[in-house]
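# Structural characterization, general
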Amino acid sequence: METIKNYLDAMFASIPDTPQARKAKQELYSMMEDKYNELIQSGMPKNEVIGTIISEFGSKEDLMEILGQKKHSIIPAPKNDAPNYEMPPRGRRIIDSYEADNYIKDCTSSRILLGCGVFFCIIAPIGPILASGLGDIFILRLFSDFIEAIGVILLFVSVGLGVALILLSTSRNKLWRFLDHEHCMLDPETEFVIQNELIDNQENKSFMLAGGILLCIVSVVPVIFFGIFSICDFFTDALGPSLIFVLVGAGVFFILNATRRTTPCEKLLMLKDNVLK
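Read on for an overview of the structure. (Residues numbered from 1 in each chain as written. Predicted model: local features only at pLDDT ≥ 70, side-chain atom pairs only at ≥ 80, totals over all residues. Heavy atoms only, no water.)

## Some remarks on the overall build of the protein
- In terms of regular secondary structure, the protein is built from 14 helices and two strands.
- Taking the intrachain contacts of the protein between residues at least 6 apart in sequence as the baseline, contacts between residues at least 24 apart amount to 81%.
- Here the protein displays about 16200 Å² of accessible surface, and carbon together with sulfur accounts for 63% of that area. (Helix = DSSP H or I, 4+ residues; strand = E, 2+ residues; numbered from the N terminus. Contact = heavy atoms within 4.5 Å. Areas by Shrake-Rupley, 256 points an atom, 1.4 Å probe, with all protein chains shown as cover.)

## Some words on the side chain of Asp187
- In this structure, Asp187 sits in the loop between strand 2 (184-186) and helix 10 (188-200).
- Buried charge without a salt bridge: Asp187, with Arg93 as the nearest opposite-charge side chain at an N-O distance of 11 Å.
- Within polar-contact distance, the side chain of Asp187 engages the backbone nitrogen of Glu189 at 3.2 Å.
- A distance of 2.7 Å separates a polar atom in the side chain of Asp187 from the backbone nitrogen of Thr190. (Buried < 20%, exposed > 50% of the residue type's maximum accessible area, 1.4 Å probe, protein only. Lys, Arg positive; Asp, Glu negative; His and termini not counted. Salt bridge = Lys/Arg side-chain N within 4 Å of Asp/Glu carboxyl O. Polar contact = N/O pair within 3.5 Å; in protein donor to acceptor, adjacent residues only side chain to side chain.)

## As for a negative patch on the surface
- A surface patch of negative charge is lined by Asp136, Asp145, Glu148, Asp233 and Asp237.
- Elements supplying a minimum of two residues to the negative patch: helix 8 (144-171) and helix 13 (233-257).
- Asp145 gets classed as exposed once you look at its relative accessible area, which sits at 62%. (Patch = residues over 30% accessible without salt bridge, like charges linked within 9 Å, V, L, I, M, F, W, Y side chains within 5 Å. Charge placed at Lys NZ, Arg CZ, Asp CG, Glu CD.)

## Remarks on the nonpolar core
- If you look at the biggest cluster of nonpolar residues, it comprises 16 residues, and the most contacted ones within it are Ile95, Leu179, Ile194 and Leu268.
- Where this core is concerned, the elements lending two or more residues are helix 6 (97-122), helix 9 (178-181), strand 2, helix 10 and helix 14 (262-276).
- If sequence neighbours within four positions are ignored, Leu179 has contacts with Ile95, Tyr103, Cys184, Lys267, Leu268 and Leu271.
- One finds Ile4, Leu8, Leu28 and Val49 within the second-largest nonpolar core, a separate group that totals 13 residues. (Core = buried A, V, L, I, M, F, W, Y, C linked by side-chain atoms within 4.5 Å.)

## Observations concerning a nonpolar patch on the surface
- Together, Val220, Val221, Ile224, Phe225, Ile228, Phe229 and Ile231 give the surface a local cluster of nonpolar side chains, amounting to about 680 Å² of exposed area.
- As for its placement among the helices and strands, Val220 is situated in the loop between helix 11 (202-217) and helix 12 (221-229).

## Brief notes about the environment of Ile255
- Take Ile255: it is sitting in helix 13.
- C-alpha of Ile255 to C-alpha of Leu209: the two residues are 46 residues apart in sequence and 5.0 Å apart in space.
- Excluding its chain neighbours within four sequence positions, the residues that come into contact with Ile255 are Met208, Leu209, Gly212 and Ile213.

## A word on the side chain of Ser169
- Of note, Ser169 is situated in helix 8.
- Filtering out sequence-adjacent residues up to four positions away, Ser169 remains in contact with Ser110, Leu113 and Leu114.

## Observations regarding the state of the cysteines
- All told, the structure shown has zero disulfides when counted by the stated rule.
- Cys107 provides the cysteine sulfur closest to Cys265, a residue in no disulfide bond, and the two sulfurs are 9.2 Å apart.
- Cys265 sits in the buried class, given a relative accessible area of 0%. (Disulfide = S-S within 2.5 Å.)

Read these as geometric descriptors, not functional statements.
And the structure:
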């Protein structure tokens, strides 16, 4: 509810502090609070609840209509020397909540594809390593050449798939290059939603970073374990080293995806700073 309260404060910032304005603000807050509790009880995630409420109640003009207030009865005529928070500077492209949500989804998908691509490139050596280990097993020695050929094929397939995913990940961001080259800004409602989204994903970011780093650190544990207990040569010479690549690949995937939602949120919020420059 803190985000909604801040949203109302911003919406009424340019309105004179009159009894009518205070009453309108209190009524709006009550309506939003009821809607908030209703959506939370329905099981909707908190960040989606905030976005739904803000988009449903709309802009300042829409809010006044909901309350049956006359726009001119509360909102004074804008002064020439006073900046209008809702009117963008000339030449600025406004990013609304729908466009911002699509941008965050595309960035998230792009980062997942990048993480998968890097993962497949890292685990590529597993094919030849496992094939070599399997070829040394007595019952499979007759097929050692065939097994090693399959291992090499798996190496190239894994690298090819990884590179393809990495290239695909970069293509998803081409639609949003205008954010770097055009003058853009968020509308007030979208800015509140993005701020809330950023806060909600900070814990997930820390968890994924910690998990990724931990996986990279413990990647040598299988080699040490199989080396100490010496269960069989295949585990020591093939499976253990292969698990290093798997754990490191998974760790790198988590590290790359830790900021898959926070980075686009931060970039969108930085548009406001660019407007002020």
